[in-house]
Amino acid sequence: MASRSEIVLASLLLFLSCLAETSDANGVVLFSSLPNTLEMIVSPHKPEQVMKPAEGSWTFGGTLKAGEDKLSISWRLNQSFSAGTTDSGYKTIKVKLCYAPVSQVDRGWRKTVDNLAKDKTCQFKIETRPYKHVCDSFYTQCTHRLVLPCGLEGGSASKWKYIDWTIKRDVPSASYFVRAYAYDGAGVAVAYGQSTGPKKNYNIFEVQGITGRHKTLDVVSICFSAFSVLSLVGFFVVEKTRAKPT
């Protein structure tokens, strides 16, 4: 017969297990549950210079070089949604560089998972900033950001935000698109937008990663080699001096 302490311990473990399962269930955010409320464009131009015809008819092709080339990334609340009601709970925006499906094949470390906590599609952080509601001020201008005045291009909901981002040196060669997540005050993802369609099969761009050795690495290697040679010569000289009869 189990003792009272064993029963209490078993009950406590069962309670903690149920609590952990409940916490995990409540904390899971599925990408498929997020509304696509943000419109995005990835382009070498500023948003007021970009013309976007029918969906899928504009492209940003070519190959970009990691550590050198820049992306101009633009986003706004989709004009089919009501500003001030749809995005009233958005507090933070996070923009990320994401692998396109063609660069995820047979690469489990880049696998797309519906659970955002386990998803490996978007591994490169581009920008994190407070979400700017479409018409809470006439304009805002600061480093790497320009918000168009309310009413430009047919109303406040068309107000673009953009950043110019230099592709980081550690970005590998692959095909990419850009995605933005909107978060609420608790840090939970509540909406998204991306520079491609649901199937991620257009407006995909290539990045050429840095290959081979960098000049700095070559210089360091030469210095270490020279130091090793000098140390070896010094060692032989010292040993030869000690070996001479006094």
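Criteria and cut-off values
- Residue numbers run consecutively from 1 along every chain, following the written order of its sequence.
- Totals for whole chains, interfaces and linings use every residue, but because this is a predicted model, local features are given only for residues with pLDDT of at least 70 and side-chain atom pairs only at 80 or more, for both listing and counting.
- Water and hydrogen atoms were dropped before computing side-chain values, which therefore reflect all heavy atoms in the structure.
- For this analysis, a ring pair means two rings from Phe, Tyr or Trp (six-membered ring only for Trp) whose centres lie within 6.5 Å, classed as stacked if their planes differ by under 30 degrees, edge-to-face if by over 60, and tilted for the remaining angles.
- Comment: elements are numbered from the N terminus, with helices defined as DSSP H or I runs of at least four residues and strands as E runs of at least two.
- Categorising residues by exposure relies on relative accessible area from a 1.4 Å probe, with only protein chains included: less than 20% of the type maximum marks a residue as buried, more than 50% marks it as exposed, and the intermediate range marks it as partly exposed.
- Either the NZ atom of lysine or the CZ atom of arginine qualifies as a charge over a ring when it sits within 6 Å of the ring centre and within 35 degrees of the ring normal.

Turning to the packing of aromatic side chains, a few remarks are in order. Overall, the coordinates contain seven aromatic pairs when judged by the stated rule. With a centroid separation of 5.2 Å and an interplanar angle of 85 degrees, the aromatic rings of Tyr90 and Tyr131 are classed as edge-to-face. Note that Tyr90 is positioned in the loop between β3 (70-77) and β4 (92-99) and Tyr131 in the loop between β5 (124-130) and β6 (141-142), a separation of 41 residues in sequence. Under the relative-accessibility criterion, Tyr90 is labelled buried at 4%. The ring of Tyr183 carries the charged tip of Lys94 above its face, separated from the ring centre by 4.7 Å. Sitting over the face of the ring of Tyr131, Lys161 holds its NZ or CZ atom 5.7 Å from the ring centroid.

In this section: unusual backbone geometry. The backbone of Asp106 shows a phi angle near 60 degrees, a positive value even though the residue is not glycine. Among the structural elements, Asp106 can be located in the loop between β4 and β5. Asp106 sits in the exposed class, given a relative accessible area of 75%. Phi is positive for Lys200, which is not a glycine, with a value near 55 degrees. On the secondary structure map, Lys200 appears in the loop between β10 (189-194) and β11 (205-208). Residue classification places Lys200 among the buried residues on the basis of a relative accessible area of 14%.

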